[in-house]
Amino acid sequence: MSDIETRLFINGEFVPAAEGKTFTLINPATEVKVADIQIASKADVDRAVKCAQAAQPAWANLAASARAACITKLADLVAMPKHTQRLMELDSIAMGKPIGMSGIDIGASISRLRFDAHLAETLVGESSLLSPGSLNLVLRQPYGITAAIIPWNVPLIMWVSKVAPSVAAGNTMLIKSSEKSPLAALYIAGLTVEAGFPPGVIQSISGLGDTGKLLSEHMEIRKISFTGSTRTGRFVACGAAMSNLKAVALELGGKSPTIIFDDADLDQAVPACAFSINWNSGQICIASSRLYVHEKIAAEFMAKFKVAMGTFKHGDPLDASTTMGPQADDIQGKAVLEHIAVGKKEGKLEMGGNRVGDKGYFIHPTIFTGVPESSSINKQEVFGPVVIIHTFSDEDEAIRRANDTEYGLYAAVFTKNIDRAIRVAKALEAGTVGVNATSPSTSSELPFGGWKTSGQGREGGTDSLIRWTEEKSVFIKYT
């Protein structure tokens, strides 16, 4: 692909980085260079912020229906076959996502754009006559200049989930993509021109950690949203706190438990759990990486689960028949193999546990049993196709062990007993709980975010736009 865009998208056009610095993007399936991507420096960020400042007042003063129309048009463009295909190809060569599995990303992104476009025309304040002689109002107004830093694992979904609600609420958005997957973010940014967004409303830049630091510390940015590791999330929060105390939303790591009771429908639970840990090569923060299976059905579950895990096919991510791609780069591949080495030492390897071939960062779907609850592979986010299976006999025991983690992003329970389902869902310490379903199952109308070190704040849901506004109380005296 010789026509890959590698520049920065600032003020409605692609421009070269001020300092001319680049980083090299490598295809993780072939280990061949894809392109040199331009790095946004302080000068680029400052310029983008000034353009956002110039554009924001007029954008916020537009009728909500006009903002909604731009977002809807962008959804229409993403849905066009030529753009859908291109977005899938770009993610494939950048971070190894199989195009045959990218329909989830495309569908979720289009749905989210349309959902937030609709919400743009429902964003209203409040009024009260409870105080004698006064009309009291609560106005919801945009922050102004907002920013986001997105991860590499689902770049299109993340780009849309940050941009759409922010601009629908009347903000401008400056978004930084990950250095592992910058291409789709630049491509969809280019589509915003055809969608009718004025220059400066949506801007998309690339860079390394230093570029993200510039956003978190910028004095003119009033809110920043970050999705990524807990470690980096702490740096973003510190940067925000030490600069202008900008509002921060953090969606961080996970070590998601799934509890499978002895009355569970295994024809439902088995494929759901296998898909959860293998989709996107396990590179998903809500992957079901810890399974707690009732001892009465453990043997049957394991036999069926191994079959389901074995159905995922490695291959060229550009081949539509491939269902499992590589890890995103050599750093990620090596990190997963290091976790697997711990599992081999401290538990029993039931399946997989090795790299596939010597070209590309492919790893076999891997199952461990007998791993201590205290083991690092059971406590830390692996971000690969590695699952730990535990057994249990008692409901309270299963809940206690499932909650014995500093993470709390997603959890799931499989059972036919509705009383138990409600009881366990309430007890699990996670921002989202699936009942007879597991990740990546979510819904646009539900808020998403983590408990404990999995983050702070929520995004999405029917309050999606409200989260991108400030409240203002207005007291009007009358006689």
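What you see is a predicted model; the values in this text were computed from it and never measured. (Residues numbered from 1 in each chain as written. Predicted model: local features only at pLDDT ≥ 70, side-chain atom pairs only at ≥ 80, totals over all residues. Heavy atoms only, no water.)

Q: What's the story with the overall build of the protein in this structure? I'm lost.
A: Per the secondary structure count, the protein includes 14 helices and 22 strands. At 23 Å, the protein has a C-alpha radius of gyration in line with the 23 Å of a compact globule built from 479 residues. Here the protein holds 479 residues, and 56% of them are scored as buried. Within the protein, residue pairs in contact and separated by at least 24 positions form 74% of the contacts whose partners lie at least 6 positions apart. (Helix = DSSP H or I, 4+ residues; strand = E, 2+ residues; numbered from the N terminus. Rg over C-alpha atoms; globule rule 2.2 N^0.38 Å. Buried < 20%, exposed > 50% of the residue type's maximum accessible area, 1.4 Å probe, protein only. Contact = heavy atoms within 4.5 Å.)

Q: Is there a simple way to think about the packing of aromatic side chains in this case?
A: For any pair of aromatic rings, geometry is given as the distance between the ring centres together with the angle between the planes. Evaluation of the coordinates by the stated rule reveals six aromatic pairs. When the centroid spacing of 5.5 Å and the interplanar angle of 40° are considered together, the rings of Trp 59 and Phe 197 count as tilted. Residue Trp 59 is found in helix α1 (residues 42–61), and its partner Phe 197 is found in the loop between α6 (183–195) and β9 (202–205); the two are separated by 138 residues along the sequence. For the pair shown, Trp 59 and Phe 197 are each scored as buried. Here Phe 301 and Phe 305 contribute two aromatic rings whose centre-to-centre distance is 5.2 Å and whose plane-to-plane angle is 20°, an arrangement assigned as stacked. Linking Phe 301 with Phe 305, this pair stays in helix α10 (residues 298–309), spanning four residues, or about one helical turn. For the pair Phe 301 and Phe 305, a shared accessibility class is recorded, and that class is buried. Seen from the ring of Trp 468, Lys 223 lies directly overhead, with NZ or CZ sitting 4.2 Å from the centre. (Phe/Tyr/Trp six-rings, centres within 6.5 Å; stacked < 30°, edge-to-face > 60°. Lys NZ or Arg CZ within 6 Å of the ring centre and 35° of its normal.)

Q: Just to check I follow, could you spell out the sheet that holds strand β13 (residues 288–294) for this structure?
A: Strand-to-strand pairing in sheets goes through backbone hydrogen bonds, with the strands running parallel or antiparallel. Here seven strands make up an open sheet; going across it, the order is β14-β15-β16-β13-β12-β17-β18 and the pairing mixed. The open sheet has two edge strands, β14 (348–351) and β18 (432–435), and neither has a second partner. Mean inter-strand twist for the sheet, computed between neighbouring axes without regard to direction, equals 25°. Examined bridge by bridge, strand β12 (residues 256–260) and strand β17 (residues 410–414) share three bridges and lie parallel to one another. The residue of β17 that forms the bridge with Thr 258 is Ala 412. (Pairing = 2+ DSSP bridges. Axes fitted to C-alpha atoms, helices over the stretch in contact; angles between N-to-C directions.)

Q: How do you make sense of a nonpolar patch on the surface when you look at a structure like this?
A: Taken together, the side chains of Leu 129, Leu 135, Ile 476 and Tyr 478 present a nonpolar region at the surface, about 360 Å² in accessible area. Among the residues examined, Ile 476 registers a relative accessible area of 34% and is labelled partly exposed. (Patch = residues over 30% accessible without salt bridge, like charges linked within 9 Å, V, L, I, M, F, W, Y side chains within 5 Å. Areas by Shrake-Rupley, 256 points an atom, 1.4 Å probe, with all protein chains shown as cover. Salt bridge = Lys/Arg side-chain N within 4 Å of Asp/Glu carboxyl O.)

Q: What is the right way to look at the nonpolar core in this model?
A: Note that soluble globular proteins tend to have their nonpolar side chains buried in a common cluster. In terms of nonpolar packing, the biggest core is built from 84 residues, with Trp 159, Val 167, Phe 197, Ile 260, Phe 301 and Phe 305 touching the most fellow members. Of the residues forming this core, the biggest block, nine residues, is contributed by helix α5 (residues 155–168). Dropping the residues within four chain positions of it, Ile 260 is found in contact with Leu 266, Ala 269, Cys 273, Tyr 292, Val 293, His 294, Ile 297, Phe 301, Phe 392 and Phe 414. Counting residues in each nonpolar core, the second largest holds 24 residues, with Val 15, Ala 48, Val 49 and Phe 226 among its members. (Core = buried A, V, L, I, M, F, W, Y, C linked by side-chain atoms within 4.5 Å.)

Q: When you look at the pairing of strand β7 (residues 145–149) in this model, what are you seeing that I'm missing?
A: The two faces of a sheet get side chains in turn, since along a regular strand they alternate between them. Taken across its five residues, β7 has five buried, putting it largely inside the fold. Side-chain alternation along β7 places Ile 145, Ala 147 and Ile 149 on one buried face and Thr 146 and Ala 148 on a second face that is also buried. The sheet contact formed by β7 and strand β8 (residues 172–176) spans five bridges and is parallel. In the sheet register, Ile 145 faces β8, and the bridge partner there is Thr 172.

These figures capture arrangement, not role.
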